[in-house]
Amino acid sequence: MTTTEDPLWGHPQVTRLARAGRRLQQFDRNRPWVFDTAVVLLVLLLFALPDLLHDGHRREGVLFGVMPLPAVVALQLALTLPLFWRRRAPEAVLAAVAAVFVLQWSLNVWLHSDIAVFIAFYSVARLGRVARLPWACGAMAAVLLLPALRVSAVVSWLVALFFLYSAATAAAALGLAVRIGRAYLDALRDRAARLEVERDQRSRLAAAAERARVAREMHDIIGHNLSVIIGLADGGAYAAEVAPERSREALTHIGATGRQALDELRRMLGVLSTRPDGGAEPEQAEDPQLSPQPGVADLDALCARVRSAGPEVVYRTLGNPDRLDRGVQLTVYRIVQESLTNTLKHAGPDTRARLTVVAEGTETRVRVEDTGPAAQGPAAPTAPSPDGRGIAGMRERAALYGGTLTAGPRPGGGWAVEAVLEGLDGTGGAG
């Protein structure tokens, strides 16, 4: 569906007028006294001056009272000058102007400056308190009865009252329209400001979440592979004198583990350096190292690397974990990787570990347990702290899929980690 823009708003003249209107509004906000003074001067020049230059007192067949020039000037100033304060106290200005208006018509004097009463009424509708507007309307309706009765000799007082009330209604309607339009624009500006703040907050939260994700990935990749490399290096150094072939095998495993860590780091950094449109950078577009993230199928290789560092690892699965969603598989892999890394670091190379992955129904369960260090004593490795960064990261990963993770000592010795991911149907969807 295509949308067409209104040609009126795209017209150059309309654009220039809109731009000039915005400049005038900005000028009025910065110097409101200029426009207030201009309103008073315009009323004096356009409406008060003709009364001073008029030499008769009969208008439209109606004879009005004769007043000396100073009295006429005083009435004109009393009608006009209060308009200077119409923004600061619109109700008071309307009351003052209406009082002079009633006095003037009580003396049977007609002045062109009576337009001031409609300007004051407009100001109440535009700037005054909404709760006081009905009272202002009632006062205006009463005030306009007097001039309608004064001209009843020429026209019906009902006709005169109709036109006076029409003018007052137009003034109030114009004031309310401007008021509503300004309130609507202010609301739009406020909403735009709130949306901008919310956008910045979302950006900061997204950046913090991305930093946390990268920290977890770096911890899993570097922590696990370095632990395996350290275990292999220690074992190789010990076997160098008694079993040189085992030393060479350890070096081979160290090289393979280091290459895998490098590949995983390249893959992760490649994802982080994608273009804003989602494509890879040119030098990475055909990089064979950017393979999919590890999953359940890679657990065999993970267990083999840990076995090469010394621990005995038994791995079994129940159900069909290979059909889990790739994100769930990555979560399972990282939890197992961190758990086996902790086993290697804290239980040593002579421990026995058991890994079980169960994916049945709406639940995926991962359990990793070890028998603890072979020799208990002051130099024996300690169990990981439940508040450690690795366990906290595993809990965060499990929570992403509505799951829980528990970690603690096993009855009879050793350590156990168990994660339960809820709401998964074993086919990659949500239950």
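Residue indices begin from 1 for each chain and proceed along its sequence in written order. Given that this is a predicted model, residues contribute local features only at a pLDDT of at least 70 and side-chain atom pairs are listed and counted only at 80 or more, while totals for whole chains, interfaces and linings are drawn from all residues. To get the side-chain values, all heavy atoms of the structure are used, and hydrogens and water are removed first.

A word on the pairing of strand S6 (residues 404–409)
Along a regular strand, successive side chains alternate from one face of the sheet to the other. Pairing between strands is defined by DSSP: at least two bridges between the two strands are required. Numbering goes from the N terminus for both helices and strands, where a helix is a DSSP run of H or I of at least four residues and a strand is a run of E of at least two. Note: S6 against strand S7 (residues 415–422), six bridges, orientation antiparallel. Across the sheet, the residue bridging to Leu405 is Ala419, located in S7. Connecting S6 to the antiparallel partner S7 that follows it, the hairpin turn spans five residues, and Gly412 within it adopts a positive phi of roughly 90°.

Overview of a nonpolar patch on the surface
Taken together, the side chains of Leu41, Leu42, Leu45, Leu46, Leu49, Leu52, Leu53, Leu69, Val73, Leu77, Leu81 and Trp85 define a hydrophobic patch exposed on the protein surface, amounting to about 1100 Å² of accessible area. At the level of secondary structure, the elements contributing two or more residues to the nonpolar patch comprise helix H2 (32–53) and helix H3 (69–80). In terms of residue count, H2 provides more of the nonpolar patch than any other element does, seven residues in total. For patches, a residue must show more than 30% relative accessible area and have no salt bridge; joins then use 9 Å for like charges and 5 Å for nonpolar side chains, namely Val, Leu, Ile, Met, Phe, Trp and Tyr. Each accessible area is a Shrake-Rupley estimate made with a 1.4 Å probe; only the visible protein chains count as cover when residues are assessed. Only one rule defines a salt bridge in this text: a Lys or Arg side-chain nitrogen within 4 Å of an Asp or Glu carboxyl oxygen.

Quick look at the nonpolar core
When a protein is soluble and globular, its nonpolar side chains tend to lie buried together. Working definition of a nonpolar core: buried Ala, Val, Leu, Ile, Met, Phe, Trp, Tyr and Cys residues. They are joined through side-chain atoms within 4.5 Å. Only protein chains enter the accessibility calculation, which uses a 1.4 Å probe; a residue is then buried when its area is under 20% of its type maximum, exposed when over 50%, and partly exposed in between. The biggest cluster of nonpolar side chains holds 31 residues, and the ones touching the most others in it are Leu79, Leu83, Leu94, Phe101, Val117, Phe121 and Met140. Secondary-structure elements contributing two or more residues to this core are H2, H3, helix H4 (90–106), helix H5 (115–127), helix H6 (133–143) and helix H8 (157–242). It is H5 that provides the largest number of residues to this core, a total of eight residues. Whether two residues touch is decided by their heavy atoms; if any such pair falls within 4.5 Å, the residues are in contact. Discounting residues that sit within four places of it in the chain, Phe121 has contacts with Leu94, Ala136, Cys137, Met140, Ala168, Ala171 and Ala172. Tyr315, Ile335, Ala353 and Leu421 belong to the second-largest nonpolar core, a separate cluster that totals 29 residues.

Some words on unusual backbone geometry
Residues other than glycine seldom take positive phi values, yet Asn108 does so here, at roughly 60°. Residue position: Asn108 is located in the loop between H4 and H5.

Here's the deal with the sheet that holds S7
As summarised here, the arrangement of the five strands in space is S3-S4-S5-S7-S6, forming an open sheet in which the pairing is mixed. Because the sheet does not close on itself, it has two edges, and the strands there are strand S3 (312–319) and S6. Neighbour to neighbour, the strand axes of the sheet diverge by 10° on average, direction disregarded. Each of S3 and strand S4 (352–360) touches helix H10 (residues 299–308); the most contacted strand, S3, lies at about 165° to it. For helices, the fitted axis covers only the stretch in contact; all axes are lines through C-alpha atoms, and the angles between them, taken along N-to-C directions, range from 0 to 180 degrees. Contacting S4, strand S5 (363–370), S6 and S7, helix H11 (residues 326–347) runs over the sheet at an angle of about 10° to S5.

Considering the pairing of S7
Taken across its eight residues, S7 has seven buried, putting it largely inside the fold. The pairing of S5 with S7 spans eight bridges and is classified as antiparallel. Following the sheet pairing, Arg367 is matched in S7 by Glu418.

Some points on the pattern of salt bridges
All told, the structure shown has eleven salt bridges when counted by the stated rule. The partner of Arg367 in a salt bridge is Glu369, and the shortest N-O contact between them spans 3.3 Å. Measuring nitrogen to oxygen at the nearest pair gives 3.1 Å for the salt bridge that ties Arg367 to Glu418. Highlighted residues: Arg367 in strand S5 and Glu418 in strand S7, separated in sequence by 51 residues. Taken together, the shared-partner salt bridges connect Arg354, Glu363, Arg365, Arg367, Glu369, Arg410 and Glu418 into one network.

Examining the environment of Pro373
Following the sequence through the fold, Pro373 ends up in the loop between S5 and helix H12 (389–400). Taking C-alpha positions, Pro373 is 8.8 Å from Arg352, a pair spaced 21 residues apart along the chain.

Structural notes on the packing of H3 against H4
Relative to each other, H3 and H4 sit at 150°, their axes nearing to 8 Å. Viewed along their axes, H3 and H4 adopt a mutual orientation that is roughly antiparallel. Crossing geometry of H3 relative to H4 is assigned as left-handed. For the pair formed by H3 and H4, the contact residues are Leu75, Ala78 and Leu79 on the first element and Val97, Val100, Phe101 and Gln104 on the second. As a working rule, the residues Ala, Val, Leu, Ile, Met, Phe, Trp, Tyr, Cys and Pro are called nonpolar, Asp, Glu, Lys and Arg charged, and the rest polar, with Gly in that last group. Among the residues forming the contact of H3 with H4, the class breakdown is six nonpolar, one polar and no charged. Roughly parallel here means an angle under 35 degrees, roughly antiparallel means over 145, roughly perpendicular means 65 to 115, and every remaining angle is called oblique. Here a crossing is called left-handed whenever its near helix is offset anticlockwise from the far helix by less than a right angle, and right-handed whenever the offset is clockwise.

What about the environment of Ala212?
Tracing the backbone shows Ala212 in helix H8. When the C-alpha positions of Ala212 and Gly393 are compared, they lie 8.9 Å apart, and in sequence the two are 181 residues distant.

Re a positive patch on the surface
His residues and chain termini do not enter the charge count, which takes Lys and Arg as positive and Asp and Glu as negative. By convention, the charge on Lys lies at NZ, on Arg at CZ, on Asp at CG and on Glu at CD. Together, Arg16, Arg19, Arg22 and Arg23 make up a region of like positive charge exposed at the surface. As for its placement among the helices and strands, Arg23 is situated in helix H1 (residues 12–30). With relative accessibility at 54%, the residue Arg23 sits in the exposed group.

Considerations on H6
Every α-helix carries 3.6 residues per turn, so stepping three or four residues along brings you back to the same face. The set of residues buried in H6 consists of Leu133, Ala136, Met140 and Val143. Along the axis of H6, the buried positions cluster into a sector of 80°, meaning they face one direction only. Facing away from the buried side of H6 by over 90 degrees, the exposed positions are Pro134 and Trp135. Note: the arc covers the axis-to-C-beta directions of the helix.

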